[in-house]
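Letter by letter, the chains look like this.
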Amino acid sequence: MARKLIQIKQSRYMGFGCSDCEWRFNAARVPPAKSFAELVRNFEEQRDEDFAHHTCGMYPKSPRSSK
Ligand SMILES: [Zn+2]
């Protein structure tokens, strides 16, 4: 089953993450933009790039969250 980019809505984290591991997108990595439209585009590009390049094995789910 392929990993997917998912939206996460938790009290401690709101944003995007991976369906298969604990990877979470760090919005601080989005480059500055001159306009809102540019910011949205930068955000999506950075998010998709970071997601594509992360390694699930480096972000194991905590054992307590299973079951
Ligand atoms: Zn992952």
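Below is a summary of the structure that appears in this document. (Residues numbered from 1 in each chain as written. Predicted model: local features only at pLDDT ≥ 70, side-chain atom pairs only at ≥ 80, totals over all residues. Heavy atoms only, no water.)

1. Some details on the environment of arginine 47
How we decide: Where helices and strands are cited, they refer to DSSP runs of H or I of at least four residues and of E of at least two residues respectively, numbered from the N terminus. Three exposure classes are used, based on accessible area relative to the maximum for each residue type with a 1.4 Å probe and protein chains only: buried under 20%, partly exposed in between, and exposed over 50%.
Its place among the elements puts arginine 47 in helix α1 (residues 36-53). For arginine 47, a relative accessible area of 12% puts it in the buried group. Separated by 14 residues in sequence, arginine 47 and lysine 61 place their C-alpha atoms 20 Å apart.

2. As for the pairing of strand β1 (residues 5-9)
Under the convention used in this document: Any two strands are treated as partners once DSSP identifies two or more bridges connecting them.
Relative to strand β2 (residues 14-18), β1 is paired through five bridges, and the arrangement is antiparallel. Bridged to isoleucine 6 within β2 is glycine 17. Linkage of β1 to β2, two consecutive antiparallel strands, is achieved through a turn of four residues.

3. Remarks on the pattern of salt bridges
Worth spelling out the cut-off: Here, a salt bridge means any Lys or Arg side-chain nitrogen found within 4 Å of an Asp or Glu carboxyl oxygen.
Tallying each qualifying case throughout the model produces three salt bridges. In this structure, aspartate 50 engages arginine 29 in a salt bridge whose closest nitrogen and oxygen atoms are separated by 2.6 Å. Of this pair, aspartate 50 sits in helix α1 while arginine 29 sits in the loop between β2 and α1; the two residues are 21 residues apart in sequence, bridging distant segments of the chain. A salt bridge links aspartate 48 to arginine 47, with the shortest nitrogen-to-oxygen separation between them at 3.1 Å.

By themselves, these observations are geometric and do not establish any function.
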